Amino acid sequence: MAALQEKRSSEERRRKSVQNGTQTSQGQWGRAWEVDWFSLASILFLLVFAPLIVYYFIMSCDQYQCSLINPLVDLLMGNTHLSDIWNKTPTLTYKAAGIYILWVTFQVILYVFIPDFCHKFLPGYVGGIQEGAVTPAGVVNKYEINGLQAWIITHVLWFANAFYFHCFSPTIIFDNWIPLLWCANILGYGVSTFAMIKGYFFPTNAKDCKFTGNFFYDYMMGIEFNPRIGKWFDFKLFFNGRPGIVAWTLINLSYAAKQQELYGQVTNSMILVNALQGIYVLDFFWNEAWYLKTIDICHDHFGWYLGWGDCVWLPYLYTLQGLYLVYHPVQLGTANAVGILILGLVGYYIFRVTNHQKDLFRRTNGNCKIWGKKPEYIECSYMSVDGTRYYSKLMTSGFWGWARHFNYTGDLMGSLAYCLTCGFAHILPYFYIVYMAILLIHRCVRDEHRCFSKYGKDWKRYTTKVPYRLIPGVF
Ligand code: NDP
C-alpha cells in the first residue's frame, strides 16, 4: 500500500509545515497541502454549481433562444416551473450513448495505438516520444505526442463523411447536443471518481500523490499527479486534448452545418468563430510537446477539475459562440468582421510569441536570441522532495519583460474576438471572456503563489524586475 504510506507521510509533511509556519520547505512547491476555508468554499460551490451552469446555458439555448434572463423571468413570474423546464429537456438516448462511446473509443485508439508519424514529414513539428518536466518527486515522464495526427485523422474522416460518404449528418453533434451532455457527464464523473480511487489504492507514482485530508479538495484538485494506465495512457494528456480539444473544432463544424441546413448559408460570424478557434486548436496540437511544460501537466493533479472539466466544461462552454450563432445567425458588416479578425489574430500572435519565447529560452537554457538579442534573466534554484537542488532561470526580456503573464493577455484578446462575432443582442456568448478573465487571473495568482513557494527570494527578485502581471503599467 505505497499510496497509503505516502498518505501518512503527506499528512506528516502537512503537520510539520504547519508547525514550522513555512510553506517553502523542500518539495512543498506542488499543489497546496492545506485547504483554507476560501478554497474549500470555492470548491464546494464549483462541485455543486458548475454542472448546473453548463445545463442552464445549454438549456437556455434549447428552450429560450439563448436568453439567459428569460428562463429566470419565467420562473419568477410563475409562467413556468422547474419541472416544466426539466420535462422539456431531452433525455439520454441510446443513439447519443452509441455516438459518445464510439467517439471516445476512437480517440483512445488514435492515442494509444497509432504512434506519431507527423513529425517524420512535417518540418518543425515536435511529435513522437517526448519528456515532460521534473515532477515534485523528481520523476521525468515520457509521453507519446500524437495529438496533431489524431486531430488530422479525425477531421479528414469528418470531411470525407460530410462531402462523400454521407454515413451520418454533419449536424449530428448539434442534433444530439443535450443527450451527449449526459454522456459527457457520466464520463467526467466516472473518470474523476476512478482517479480518486486509483490515487488511494494503485497510484502510478505514490511519491507524487498529495493528500490534504479534505475529501472534497482531493476529489476536485486530484490526488495523483500523473495517473496512467500502462506505460502510455496518460490521463491528463488524453482527457485535455482528445475528448475536449479535438472535439472543439468538430463541434464548431457541426454548428456551421446546422446554419447551412436551417438558413441555406453560413454567416461570416460563424466562419470567423470556426477560423479563429480553429487556429487556437491547431496551435495547441502543433505545440502539444510544449504543452507538457504548461501548468496543467507540470503542476496540476488529476481530479474532477481536469477530468470533468475536460469532458463537460470545455466542449460545452468553449463552443457557446457557435451554438449561439445557430439560433441567431449574425452577418457582420465588413469593417466589424475585419476588426474582429485583426483583434483575434493580434491576440493569437501575442499568445504564441510569448509562449514560444519562454519555450525557446528554457529549451536552450538561455542560449538563444529573443528579439535579436541575448535574453536577460534571473538565476534561481529550488529543491525536490528527495532534497536534490535544481537550478533554473526566469527570463526578464522579450514579452516576459513586459509583464509576467503576457501570454494570458494575448489569450484574452483572442477570447474577446470570439465573443464579439456574436454582436451585442445577448450576454450568453460573452460568458467566455468573463470566464477566461477569471480563470487566467486566478491562474496567474495561483501560479505566482506556487512560484514563490518554489523559488522563494529568487521569485521576489523577479517580481521586482517585472512588476506587472498582465498589462504593463496597469496590472
Ligand atoms: P505559463 O506558460 O505562463 O507557465 C507558467 C510557468 O512558467 C511558471 O509556473 C514557471 O514555471 C514558468 N515561468 C514563469 N515566469 C517565467 C519566466 N519569466 N521565464 C521562464 N519561465 C517562467 O502558464 P500556463 O501553463 O498557465 O499557460 C500556458 C498557455 O496556455 C498560456 O498562453 C495560457 O493563456 C494558455 N491557457 C489556456 C487555457 C484555456 O482554457 N484556453 C487554460 C490555461 C492556459 P517553472 O516552475 O518551470 O519555473
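None of these values were measured; they are calculated from a predicted model. Along each chain, the written sequence defines residue order, and numbers are assigned to residues from 1. Owing to the predicted nature of the model, reporting of local features is limited to residues with pLDDT of at least 70; listing and counting of side-chain atom pairs is limited to 80 or more, with chain, interface and lining totals taken over all residues. To get the side-chain values, all heavy atoms of the structure are used, and hydrogens and water are removed first.

Asks: Help me understand the overall build of the chain in this model?
Replies: Looking only at helices and strands, one finds 21 helices and six strands in the chain. C-alpha atoms define the radius of gyration in this analysis, and the globule rule sets the expected value at 2.2 Å times the number of residues to the power 0.38. In terms of C-alpha radius of gyration, the chain reaches 23 Å, essentially the compact-globule figure of 23 Å for 475 residues. In terms of overall dimensions, the chain has C-alpha extents of about 65 × 55 × 50 Å along its principal axes. Relative accessibility under 20% of the residue-type maximum defines a buried residue, over 50% an exposed one, and the middle range a partly exposed one, all with a 1.4 Å probe and only protein chains included. Out of the 475 residues belonging to the chain, those deemed buried represent 55%. Expressed as a percentage of contacts within the chain between residues at least 6 apart in sequence, the contacts between residues at least 24 apart total 75%. Areas reported as accessible are Shrake-Rupley estimates using a 1.4 Å probe. Residue values count occlusion only from the protein chains shown. Surface exposure of the chain reaches about 21,400 Å², of which carbon and sulfur atoms provide 67%. Helix numbers and strand numbers start at the N terminus; a helix is a DSSP run of H or I with at least 4 residues, a strand a run of E with at least 2. Contact between two residues is taken to exist if any of their heavy atoms lie within 4.5 Å; hydrogens are not considered.

Asks: It is not clear to me how the UniProt feature "transmembrane region" (unreviewed entry) in the chain should be interpreted in this structure. Could you clarify?
Replies: UniProt positions are given in the numbering used here, feature names are shortened, and annotations may be inferred rather than shown by experiment. Within this numbering scheme, the UniProt entry marks residues 37–58, 92–114, 148–165, 177–197, 262–282, 302–320, 332–351 and 415–441 as carrying the feature "transmembrane region" (unreviewed entry). Regarding residues 37–58, the helix share stands at 100% and the strand share at 0%, and the terminal C-alpha atoms are separated by 31 Å. Structurally, residues 177–197 is divided into 100% helix and 0% strand, and its ends, taken at the C-alpha atoms, are 30 Å apart.

Asks: Looking at this model, I keep getting lost on unusual backbone geometry. Mind explaining?
Replies: Apart from glycine, the bulk of residues carry a negative phi angle, and the bulk of peptide bonds sit in the trans form. In this model, Cys66 sits at a positive phi of 70 degrees, which is unusual for a non-glycine residue. Position of Cys66 among the secondary structure elements: in the loop between α2 (37–64) and α3 (69–76). The phi angle at Trp371 is positive, at roughly 50 degrees, despite the residue not being glycine. By the element assignment, Trp371 lies in the loop between α17 (334–363) and β5 (377–383). Assessed through its relative accessible area of 45%, Trp371 is described here as partly exposed.

Asks: Looking at this model, I keep getting lost on the site of the ligand. Mind explaining?
Replies: We call a residue near a molecule or strand when any one of its heavy atoms sits within 4 Å of it. As a structural note, the neighbourhood of the ligand is formed by 27 residues, with Tyr318, Tyr408, Asp411, Asp447 and Tyr455 the closest of them. As used in this structure description, the phrase polar contact means that two N or O atoms lie within 3.5 Å; if the pair is within protein, one of them must be able to donate a hydrogen and the other to accept it, and residues adjacent in sequence are counted only when both atoms belong to side chains. One nitrogen or oxygen atom from the side chain of Lys358 is found 2.8 Å from an oxygen atom belonging to the ligand. Interatomic distance of 2.9 Å between a side-chain N/O atom of Tyr462 and a nitrogen atom of the ligand. In isolation the ligand offers 920 Å² of accessible surface; the protein chains occlude 92% of this area. Mapped by element, the contributors of at least two residues to the shell around the ligand are α17, β6 (389–395), α19 (406–420) and α20 (431–455). Take the shell around the ligand: its biggest share by element is eight residues, from α20. By the convention adopted, Pro, Cys, Tyr, Trp, Phe, Met, Ile, Leu, Val and Ala count as nonpolar, Lys, Arg, Asp and Glu as charged, and the other residues, Gly among them, as polar. Taken together, the residues of the shell around the ligand break down into 14 nonpolar, five polar and eight charged.

Asks: What should I look at first to understand the domain arrangement of the chain in this one?
Replies: How big an interface is tends to be stated in terms of accessible area lost as the parts join. One can read the domain layout of the chain as domain 1 (90–331) and domain 2 (334–474). Domain 1 and domain 2 are separated by 23 Å when their C-alpha centres are compared. Contacts between the two partners involve 32 residues from domain 1 and, on the opposite side, 34 residues from domain 2. Buried area: the accessible surface (1.4 Å probe) lost by two parts on joining, summed over both. When domain 1 packs against domain 2, close to 3,000 Å² is buried across both sides, 64% of that on carbon and sulfur atoms. Each salt bridge in this description consists of a side-chain nitrogen of Lys or Arg and a carboxyl oxygen of Asp or Glu lying within 4 Å of one another. Summed over the shared surface of domain 1 and domain 2, the number is two salt bridges. Breaking the side of domain 1 that touches domain 2 down by element, the ones donating at least two residues are α12 (268–286), α14 (295–298), α15 (304–317) and α16 (320–327). When residues in the side of domain 1 that touches domain 2 are grouped by element, the largest group, nine residues, is from α12. Where each domain begins and ends follows an automated or database-derived domain assignment.

Asks: Can you walk me through the pairing of β5 in this structure?
Replies: For a regular strand, side chains alternate in direction, first toward one face of the sheet and then toward the other. DSSP calls a pair of strands paired once it identifies at least 2 bridges connecting them. Judged from the seven bridges that link them, β5 and β6 form a sheet pairing that is antiparallel. Its bridge partner lying in β6, Tyr377 is registered against Met395. Connecting β5 to the antiparallel partner β6 that follows it, the hairpin turn spans five residues, and Gly387 within it adopts a positive phi of roughly 90 degrees.

Asks: What exactly am I supposed to notice about the layout of surface pockets here?
Replies: Over the atoms rolls a probe the size of a water molecule, and in doing so it shows where empty space is left. By volume, the second largest pocket is sized at about 640 Å³. Residue lining of the second largest pocket: 24 residues in total, with Ile99, Trp103, Trp158, Phe168 and Leu250 positioned closest to the centre. Those elements giving two or more residues to the lining of the second largest pocket turn out to be α5 (94–113), α7 (147–165), α8 (172–175), α9 (177–201), α11 (235–263) and α15. The biggest single contributor to the lining of the second largest pocket is α5, with seven residues. Whether a set of points on the 1 Å grid over the protein atoms alone is a cavity depends on a 1.4 Å probe fitting there but being unable to get out, while an open set qualifies as a pocket with protein on both sides within 12 Å along at least five of seven lines; lining residues are those with an atom within 4 Å of a point. Grid points are joined across faces, edges and corners, and a volume is the space filled by probe spheres set on the points.

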